[in-house]
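# Observations on the model geometry
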Amino acid sequence: RILDLGTGTGALLLAALSVWPEAQGVAIDRSAETLAVAQTNADRHAPAARLLVADWTKPGWSADLGRFDLILTNPPYVEDAAELDTSVRAFEPAGALFSGPEGLDDYRVLVPQLPGLMAPGGVAMVEIGWRQADAVAAIGAAAGLSSRVHRDLGGRDRVVAFSGTNVLGA
């Protein structure tokens, strides 16, 4: 089972389902408008994917989801005062970009919820801003998660992989 949190266009879930076509895929986004775009993409590439309007900042949002072997998320992580290129600001809603003064507000809400969503042996792959690895890993450690940081092609920290055990070599 694969869960994509804050799916946007659905790209992460659809890519994962192209690798594991037998998997059950669930995607959530708080924006019904955005989810409609993801649904169009899912209809084309993974019609069995289940897409739901949900907001991880609201109590009870995950009550009926169950547990997942793989969780993918690219949450908002830009600092509120950050200067962004016009091309980014023009095409992304502020709610998908900005997450408090340090860019960590969504991690502080979402990461502690991951243990309740992860199946035994499951992994959560969380995209981060390139200077946020230590802070996000610390949020995970406080929630009882082990972590390992993965770098992008430019050599910058880009993803924190979380597990409930030490299987990631952290």
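The rules we used
Residues numbered from 1 in each chain as written. Predicted model: local features only at pLDDT ≥ 70, side-chain atom pairs only at ≥ 80, totals over all residues. Heavy atoms only, no water. Salt bridge = Lys/Arg side-chain N within 4 Å of Asp/Glu carboxyl O. Buried < 20%, exposed > 50% of the residue type's maximum accessible area, 1.4 Å probe, protein only. Helix = DSSP H or I, 4+ residues; strand = E, 2+ residues; numbered from the N terminus. Arc of directions from axis to C-beta. Contact = heavy atoms within 4.5 Å.

### Re the pattern of salt bridges
Where charged atoms from two side chains of opposite charge approach closely, those side chains can pair. Enumeration according to the criterion identifies four salt bridges in this entry. A salt bridge links D157 to R151; the shortest N-O distance between them is 3.1 Å. For D157, a relative accessible area of 19% gives the class buried. Assessed through its relative accessible area of 60%, R151 is described here as exposed. Taking the shortest distance from any N to any O, the salt bridge between D152 and R158 comes out at 3.3 Å. Classification of D152 as partly exposed rests on a relative accessible area of 27%. The structure contains a network of salt bridges with shared partners spanning E102, D105 and R108.

### What about helix α7 (residues 133-142)?
Looking at α7, one finds that the buried residues are A133, V136, A137, I139 and G140. The buried residues of α7 all sit within an arc of 155° when viewed along its axis, so they share a single face. Exposed side of α7, more than 90 degrees from the buried face: D134 and A142 are the residues found there. Residues of α7 that are buried in the fold lie against α5 (105-110), β6 (146-151) and β7 (157-163). Just downstream of α7, G144 is the residue with a positive phi angle, here 85°.

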